[in-house]
Amino acid sequence: MNNSVGNTARLIGAGLRALLVLTVICGVIYPLAVTGIAQALFNDKANGSEIKDKSGNVVGSSLIGQSYNLPRKDPNDAEEAAKPDLKWFQPRPSNGLGSNSVNTQYSLILSGATNRSGDNGAVNGQCTKDAEEGTLCAQVVAAKEAVIADNSTAGYTVKPQDVPADAVTSSGSGLDPNISPEYAKLQVHRVAEQNKLDVKQVEKIVEQNTEGRTLGFMGEPRVNVLELNIALKALISKS
């Protein structure tokens, strides 16, 4: 009986010691080591890939998109449709983006895709104005019309065939921070007109903020909208 009790006590003691050691290793040493390595070697990424303006203020993350809309007439009206602030470069359409006012803090709403098929609402295999309301095709057609109307100026007319796919569709997460160089260039004339800037000046900041393929072959060329709008804000302040 005594041997049995003694063996049990030893097993319990060994188990408690193992628990203590593993808690210290896995719960203290390992997290501190990983955090230290991340801060030393990947400080920017470990802290959320923050983007700062020239004043050093954090205005967002390079990984999460923001919207640039005009203030709502009635902040308490959830049904009021958001209207884009045409002074700024606009991101991809998405219900996942939070509201933003001139690169300040943003409010995350949700993240996710529509889960609708590419031909949802298509008529005879094509997205037309006859698409049923609420379908993906209806949203794409409406978005395309809005892009053409918003970005056409007195001296520049956007043609339907010039509207890239990312201008009328959201990403899988709904939070894509980037747009294609084609969509950025399509917005240049409108941004220049709204801010009374020279078109070539705006084209230059688009070119400066265009990133190539990762390692030269992965992904597609892209433009981070937040970084582009920070450059635009700096350009406006100089003019």
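In this text the structure is predicted, and so the values were computed from the model without any measurement. (Residues numbered from 1 in each chain as written. Predicted model: local features only at pLDDT ≥ 70, side-chain atom pairs only at ≥ 80, totals over all residues. Heavy atoms only, no water.)

J.: What should I look at first to understand a nonpolar patch on the surface in this one?
T.: A surface patch of nonpolar side chains, amounting to about 620 Å² of accessible area, comprises Leu20, Val21, Val24, Ile25, Val28, Ile29 and Leu32. Mapped onto the elements, Leu32 comes out in helix α1 (residues 2–41). (Patch = residues over 30% accessible without salt bridge, like charges linked within 9 Å, V, L, I, M, F, W, Y side chains within 5 Å. Areas by Shrake-Rupley, 256 points an atom, 1.4 Å probe, with all protein chains shown as cover. Salt bridge = Lys/Arg side-chain N within 4 Å of Asp/Glu carboxyl O. Helix = DSSP H or I, 4+ residues; strand = E, 2+ residues; numbered from the N terminus.)

J.: Is there a simple way to think about the packing of helix α3 (residues 136–151) against helix α4 (residues 181–194) in this case?
T.: How two helices pack is summed up by the angle between their axes together with the distance between the axes. Where α3 meets α4, the closest approach of the two axes is 8 Å, and the angle between their N-to-C directions is 40 degrees. Regarding the angle of α3 to α4, the classification is oblique. Along the contact surface, α3 presents Val147, Asp150 and Asn151, while α4 presents Tyr183, Leu186, Gln187 and Arg190. In terms of residue class, the contact of α3 with α4 is built from 3 nonpolar, 2 polar and 2 charged. (Axes fitted to C-alpha atoms, helices over the stretch in contact; angles between N-to-C directions. Parallel < 35°, antiparallel > 145°, perpendicular 65-115°, else oblique. Contact = heavy atoms within 4.5 Å. Nonpolar A, V, L, I, M, F, W, Y, C, P; charged D, E, K, R; others polar.)

J.: What is the right way to look at empty space enclosed by the protein in this model?
T.: Take a probe with the size of a water molecule and roll it over the atoms, and the empty space left behind shows itself. Applying the stated criterion across every chain yields a total of 1 cavity of 30 Å³ or more. Along its surface, the largest cavity is lined by Ile64, Gly65, Gln66, Tyr68, Pro91, Asp176, Pro177, Val225 and Leu226. Taken together, the residues of the lining of the largest cavity break down into 6 nonpolar, 2 polar and 1 charged. (1 Å grid on protein atoms, 1.4 Å probe; cavity = no way out; pocket = protein on both sides within 12 Å on 5 of 7 lines; lining within 4 Å. Points joined across faces, edges and corners; volume = space filled by probe spheres on them.)

J.: I tried to follow the pairing of strand β2 (residues 58–61) on my own but got confused; where do I start?
T.: Here is the key point about a regular strand: its side chains alternate between the two faces of the sheet. Pairing geometry for strand β1 (residues 50–52) and β2, over 3 bridges, is antiparallel. Residue pairing for β2: Ile51 is matched across the bridge by Gly60. Hairpin connection, β1 to β2: the antiparallel pair is bridged by 5 residues, and Gly56 has positive phi, about 90 degrees. (Pairing = 2+ DSSP bridges.)

J.: Just to check I follow, could you spell out the side chain of Ser61 for this structure?
T.: Among the structural elements, Ser61 can be located in strand β2. A polar side-chain atom of Ser61 sits 2.8 Å from the main-chain carbonyl oxygen of Gly48. (Polar contact = N/O pair within 3.5 Å; in protein donor to acceptor, adjacent residues only side chain to side chain.)

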